[in-house]
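Here is what each chain is made of, one letter per residue.
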Amino acid sequence: MRVVFLGSGSFAIPSLEALLAAGHDVAAVVTQPDREKGRGRELSPPPLKPVAAARGLKVLQPRRVREPESVAVLEALAPEVQVVVAYGQILPRRVIDIAPRGTVNVHASLLPRYRGAAPVQWAIVNGEAETGVTTMLIDEGLDTGPLLLAEATPIGAEETAEALESRLAALGGELLVRTLKGLQEGAIVPRPQDPARASLAPLIKKEDGLMDWRLPAPALARRVLGFHAWPGAHTRLHGRGLRVLRAQVEAGGGLGGGLGGAQRPPAQTASEGFTPERAKDAQSPPGALLRVGRDGLVVACGEGTALRLIEVQPESRHPMPAAAFAAGARLTPGARFG
């Protein structure tokens, strides 16, 4: 089919490559304008642009795709179908309706769950056992269009958001090719979403990464994984910022255990691992440093649980093992994070 592809982020790259490999005619790639980045404020292209250019594809970078001149260019391309993957602009009805077979979107969740800008991150943070990708026909709502196909995948116990997103991007490319084939053959009937099952995945803010030590350790461990790339799980110690790069729930610590959902280990009985030391841990205030060892730092969390920090990044420094950070900072039990 003749396709106009609208995308910008790296999540879109496998979908574009899958379309080309399947023999579709990509009339043009529409992506975001180059942006100033870094201290030198040099112009940097969106991740999809160099990939499209290397394939010899026509690349368009309208400031706003809804502007009349941009709409006219898309109409002149006469696509049978439009594909939108991680584009970054909201499409108006006039653009949505250009292609007779519709405008197809690849979304990184099992819709109607996790509609919005950050479905991968929030699925991890909320302790979901699985997620997936969905293709849908775009309408003017926020990921509310009719569903086409979906593919589920489990979330790994230690999988970061960027690792999961990479897997979903590849899965999305495969699903997109199947979707276009089904639409071309008339084998897919779009079905409406059930709004009663909908949930939101809002844009992530920097403050979302702040470690609230009053939360139980499994919830904090998931935030380290979900917010690993940005904004990072971060806290403060002795008035300076500290980013937590790797952490795990302290086995047998207080009342806790596991990462939630399908990843949660069997519950402990009162006699299993609940030593006098652990009982003392459970009474420590959230954010208190409990122990320092070669395996990291154990910090008290909410509900009597504890989190072991394995790798950290102090403010204005490189990542390092938490034990090395503790030695350099001369940390002792009783120090307070937060």
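**Thoughts on the pattern of salt bridges**
Tallying each qualifying case throughout the model produces 18 salt bridges. Salt-bridge contacts for E151 lead to R178; the nearest nitrogen and oxygen are separated by 3.3 Å. One end of the pair, E151, is in strand 9 (residues 147–154); the other, R178, is in helix 6 (residues 161–185), with 27 residues separating them in the sequence. Measuring nitrogen to oxygen at the nearest pair gives 2.7 Å for the salt bridge that ties R167 to E159. Assessed through its relative accessible area of 35%, R167 is described here as partly exposed. When salt bridges that share partners are traced, they join R93, D97 and E140 into one network.

**Concerning helix 6**
The first and last C-alpha atoms of helix 6 sit 35 Å apart over 25 residues, in line with the 36 Å expected at 1.5 Å per residue. Two residues or fewer after helix 6 comes G186, characterised by a positive phi angle close to 70°.

**Structural notes on the nonpolar core**
Membership of the largest hydrophobic core comes to 45 residues, with the highest contact counts inside it found for F5 and L180. Ranked by the residues each element gives to this core, the list is headed by helix 6, at 9 residues. The contacts of F5, once residues within four sequence positions are left out, are A12, S15, L16, L19, V26, A28, V29, V30, L48, V83 and V85. M211, A217, L220 and F337 belong to the second-largest nonpolar core, a separate cluster that totals 26 residues.

**Some details on the environment of P314**
Positionally, P314 belongs in strand 14 (residues 306–314). Sequence separation between P314 and H234 is 80 residues; the distance between their C-alpha atoms is 9.6 Å. Setting aside its immediate chain neighbours within four residues, P314 contacts G241, L242, M320 and F325.

**With respect to the packing of helix 1 (residues 13–21) against helix 6**
Helix-helix packing is described using two parameters, namely the angle between the two axes and the distance between the axes. Two elements in contact, helix 1 and helix 6, have axes whose closest approach is 7 Å; the angle formed by their N-to-C orientations is 40°. On the basis of their axis angle, the class for helix 1 and helix 6 is oblique. By crossing handedness, the relation of helix 1 to helix 6 is classed as right-handed. Here P14, S15, A18 and L19 of helix 1 come into contact with helix 6, specifically with A169, A170, G172, G173, L176, V177 and L180. Its residues placed into classes, the contact of helix 1 with helix 6 shows 8 nonpolar, 3 polar and no charged.

**As for the sheet that holds strand 7 (residues 103–107)**
Read from one edge to the other, the open sheet built from 7 strands follows the order 5-2-1-6-7-8-9, with strand pairing classed as mixed. One side of each edge strand has no neighbouring strand; the edge strands of this open sheet are strand 5 (59–60) and strand 9. By the bridge criterion, 7 bridges tie strand 8 (residues 130–137) to strand 9 in an arrangement that is antiparallel. Across the sheet, the residue bridging to E130 is P154, located in strand 9.

How each quantity is defined
- Numbers given for residues are sequential positions, taken from 1 along each chain in its written order.
- Residues qualify for local features only when their pLDDT is at least 70, as the model is predicted, and side-chain atom pairs are given and counted only at 80 or more; totals for whole chains, interfaces and linings, by contrast, use all residues.
- Values shown for side chains rest on all heavy atoms present in the structure; no hydrogens or waters enter the calculation.
- Any carboxyl oxygen of Asp or Glu that lies within 4 Å of a side-chain nitrogen of Lys or Arg is treated as forming a salt bridge with it.
- Counting from the N terminus, the helices are the DSSP runs of H or I reaching at least four residues and the strands are the DSSP runs of E reaching at least two.
- Here's how the labels work: a residue is buried when its accessible area is under 20% of the maximum for its type, exposed when over 50%, partly exposed in between, all with a 1.4 Å probe on protein chains only.
- The length a helix should cover is 1.5 Å for every residue beyond the first.
- Throughout, nonpolar core names a set of buried Ala, Val, Leu, Ile, Met, Phe, Trp, Tyr and Cys residues whose side chains join them through atoms within 4.5 Å.
- Contact definition: two residues touch when any of their heavy atoms are within 4.5 Å.
- Structural elements are reduced to axes, namely lines fitted to C-alpha atoms, with helices fitted over the stretch in contact, and the angle between N-to-C directions of any two is expressed from 0 to 180 degrees.
- Each angle is binned into one of four classes, with values under 35 degrees roughly parallel, values over 145 roughly antiparallel, values of 65 to 115 roughly perpendicular, and all other values oblique.
- Left-handed describes a crossing whose near helix is turned anticlockwise from the far helix by less than a right angle; the clockwise case is right-handed.
- We call Asp, Glu, Lys and Arg charged. Ala, Val, Leu, Ile, Met, Phe, Trp, Tyr, Cys and Pro are nonpolar, and the rest, Gly among them, are polar.
- Here a strand pair is declared whenever DSSP counts at least two bridges between the two strands.

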